Amino acid sequence: MPTAVLTDRERTAVQAYLRLLHTVRAAFDGPPDGARPPLVPPAVLVEAEQALARAGLAGNEEAFFELLREWCPDR
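Remember, predicted model here, so these are calculated numbers, not experimental data.

Caption draft 1: Looking closely at the overall build of the chain. Of regular secondary structure, the chain possesses three helices and zero strands. Along the chain, helices (α) and strands (β) appear in the sequence α-α-α when read from the amino end. Every one of the 75 residues in the chain was classed for burial, and the buried ones make up 25%. Expressed as a percentage of contacts within the chain between residues at least 6 apart in sequence, the contacts between residues at least 24 apart total 73%.

Caption draft 2: How the structure looks around the nonpolar core. Residues A13, V14, L18, L52, L57, F64 and L68 are the most contacted members of the largest nonpolar core, which totals 16 residues. Here this core takes five residues from helix α1 (residues 8-28), the largest share from any one element.

Caption draft 3: Structural view of helix α3 (residues 61-71). Taken as a whole, α3 has its buried residues at F64, L67 and L68. All buried residues of α3 lie within an arc of 100 degrees about the axis, which places them on one face of the element.

Caption draft 4: Looking closely at the confidence of the model for the chain. Scored by pLDDT, the chain comes out at a mean of 75, with 76% of its residues at no less than 70. When the elements of the chain are averaged for pLDDT, α3 gives the smallest value, 76, and helix α2 (residues 42-54) the largest, 84.

Caption draft 5: Highlighting the pattern of salt bridges. Enumeration over the complete set of coordinates arrives at two salt bridges. Here R11 makes a salt bridge to D8, at a shortest N to O gap of 2.9 Å. In this pair, R11 and D8 both sit in helix α1, three residues apart, roughly one turn of the helix. With a relative accessible area of 29%, R11 lands in the partly exposed category. On the basis of relative accessible area, D8 is assigned to the exposed category, the value being 59%. Residue R19 is joined to E47 by a salt bridge in which the shortest nitrogen-to-oxygen separation is 2.4 Å. With R19 in helix α1 and E47 in helix α2, this residue pair connects regions lying 28 residues apart in the sequence. Among the residues examined, R19 registers a relative accessible area of 39% and is labelled partly exposed.

So, how was this worked out
Residues numbered from 1 in each chain as written. Predicted model: local features only at pLDDT ≥ 70, side-chain atom pairs only at ≥ 80, totals over all residues. Heavy atoms only, no water. Helix = DSSP H or I, 4+ residues; strand = E, 2+ residues; numbered from the N terminus. Buried < 20%, exposed > 50% of the residue type's maximum accessible area, 1.4 Å probe, protein only. Contact = heavy atoms within 4.5 Å. Core = buried A, V, L, I, M, F, W, Y, C linked by side-chain atoms within 4.5 Å. Arc of directions from axis to C-beta. pLDDT = per-residue confidence, 0-100. Salt bridge = Lys/Arg side-chain N within 4 Å of Asp/Glu carboxyl O.

Printed below as a string of structure tokens:
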């Protein structure tokens, strides 16, 4: 399997996405009674959006998810 060499901006975008993914998962793993709606802090969403834009990946999901698959194949 070829190893992807990411630019700093691509790596930052992938890391921001993974933080967002973990935050969303944690929110959905909240109380089973559903007493409070899952909430993702706006700062986490903003970080991911900005990182994707800086890496030139905003609106280019196919390229981004290809990078993600190469860099983190178990996701």
